[in-house]
Amino acid sequence: MKLKVFLSDSFNPHLNLATEEWIFHNLDPSQQILFLWRNQDTVVIGRNQNPWSECNLTQMKSDNVTLARRTTGGGAVFHDLGNTNFTFLSPKEAYKRENNIAIIFNALKNFEITGEASGRNDLLIPFHDGPRKFSGSAYREKRDRAFHHGTLLINTDLTRLGNYLTPSPKKLQAKGKESVRARVANLTEVNENIKHDIIVEAMVESFEKFYGAKAEIISLSMESLKQIPELKEQYDSLSNWDWLYGNTLVFSHKMDEYLSLGFFDFQFQVTDGLITDLKIFTDCLYPQLIEDLTANLRGQAYRGETIQQVMTKAREKFADLSTGLTELEQWLCRHIEI
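A.B. asks: Can you walk me through the nonpolar core in this structure?
C.D. replies: Grouped burial of nonpolar side chains is what soluble globular proteins tend to show. Formed by 67 residues in total, the largest nonpolar core has its most connected members in F264, F266, F268, L289, L328 and L332. Among residues more than four places away in sequence, those in contact with F264 are M255, D256, E257, L259, I280, F281, T282, C284, I290, L328 and W331. The next biggest cluster of nonpolar side chains, apart from the first, holds 32 residues, and it includes F88, I125, L187 and F207.

Spelled out as structure tokens, the structure:
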């Protein structure tokens, strides 16, 4: 059995998610492949989730947290450098989820950590108040290959989860159910010496030992985009606005604030990332301005760039309101898009 291990030197989530797609769609499925990687401060949402509903985009922007969307389903998760991600690719006929779990648990034996698999997706470690989740995973397959990816919480800042996976306090209604989040724990709560680099070494060793062969080790970085056209294609697809924001169901977003031009209550209706309807309730003394903003925003992409373009046009027409319009622009952009 031929083994390959890919190690990412980049913390860019779009590159790492693109690598997963490249592995799944382009590599020889007769191999056993392991990919290990980390993302720098990122919220990753599922294929069918709404970033405005699942994420506090204002807080993410303030804290320089990146938004990423994966091609698979599931809920929103927060990644930082304390979170190690794994990806297995196997020939479909040889795939067993139990094999991958055994590789993970065998690696953790190096740190005197034992755990158990729960249901289809989670790995747990025991605590005095009951088991806690340190790993969640998901699966996908096609005709000749099977794919299993997930997370290992090493030393992630669990206090930040709520900061970014909680919707903005501004009123927002979206179709669909709210995410349910399980109780989680870091592996360092069991063994404080565990770190990303040594868990990677242990995972590679366990992978090789399980299959009884040496793996070809391949490092990937942003430079790899220049060398692998298929990887570059996946990266471009997963990092563009249409994929990150435009791929959403119908939702409404209401935001209100007292500004220098008056009180503003914006109510957006958005479909596939486009503003299909907009109502602006305000005590602003310039009705023509409000009519222009409403008309110019309808039908446009629901993104900060749109707001900036429309406000630039408004400042040209209402030059004496430039300061107030800039304040309005900054407020809207903070709540609409990272």
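A.B. asks: Any chance you could explain the sheet that holds strand β5 (residues 77-79) here in plain terms?
C.D. replies: Strand pairs in the sheet, formed through backbone hydrogen bonds, run parallel or antiparallel to each other. With respect to topology, three strands assemble into an open sheet ordered β4-β3-β5, the strand pairing being mixed. In the strand order of this sheet, the two ends are held by β4 (66-69) and β5, each with one partner. On average, adjacent strands in this sheet sit at an angle of 30 degrees to one another, irrespective of strand direction. Strand direction decides the pairing type here: strand β3 (residues 42-45) and β5, joined by three bridges, are antiparallel. Bridge pairing in β5 links V44 to V77.

A.B. asks: Explain the side chain of H79 here, please?
C.D. replies: When you line up the elements, H79 lands in strand β5. A polar contact of 3.4 Å, which involves the side chain of H79, links it to the side chain of N85. Ignoring any residue separated from it by four or fewer positions in sequence, one finds H79 in contact with W37, N39, Q40, D41, T42, V44, N85 and T151.

A.B. asks: Can you help me understand helix α8 (residues 229-239) in this one?
C.D. replies: For an α-helix the count is 3.6 residues per turn, leaving residues at separations of three or four pointing the same way. Of the residues making up α8, those classed as buried are L231, Q234, Y235 and L238. Along the axis of α8, the buried residues cluster in a sector spanning 100 degrees; they form a single face. Exposed and oriented more than 90 degrees from the buried face of α8 are P229 and E233.

A.B. asks: Mind showing me how you'd approach the state of the cysteines here?
C.D. replies: Counting across every chain of the model gives zero disulfides. There is no disulfide at C55, and the cysteine sulfur nearest it, in C333, is 18 Å away. Taking the relative accessible area as the measure of exposure, C55 reaches 1% and is therefore buried. Cysteine C284 shares no disulfide, and the gap to the nearest cysteine sulfur, in C333, comes to 18 Å. Taking the relative accessible area as the measure of exposure, C284 reaches 10% and is therefore buried.

The rules behind these values
- Residues numbered from 1 in each chain as written.
- Predicted model: local features only at pLDDT ≥ 70, side-chain atom pairs only at ≥ 80, totals over all residues.
- Heavy atoms only, no water.
- Core = buried A, V, L, I, M, F, W, Y, C linked by side-chain atoms within 4.5 Å.
- Buried < 20%, exposed > 50% of the residue type's maximum accessible area, 1.4 Å probe, protein only.
- Contact = heavy atoms within 4.5 Å.
- Pairing = 2+ DSSP bridges.
- Helix = DSSP H or I, 4+ residues; strand = E, 2+ residues; numbered from the N terminus.
- Axes fitted to C-alpha atoms, helices over the stretch in contact; angles between N-to-C directions.
- Polar contact = N/O pair within 3.5 Å; in protein donor to acceptor, adjacent residues only side chain to side chain.
- Arc of directions from axis to C-beta.
- Disulfide = S-S within 2.5 Å.

Without other data, these values stay purely geometric and don't point to any function.
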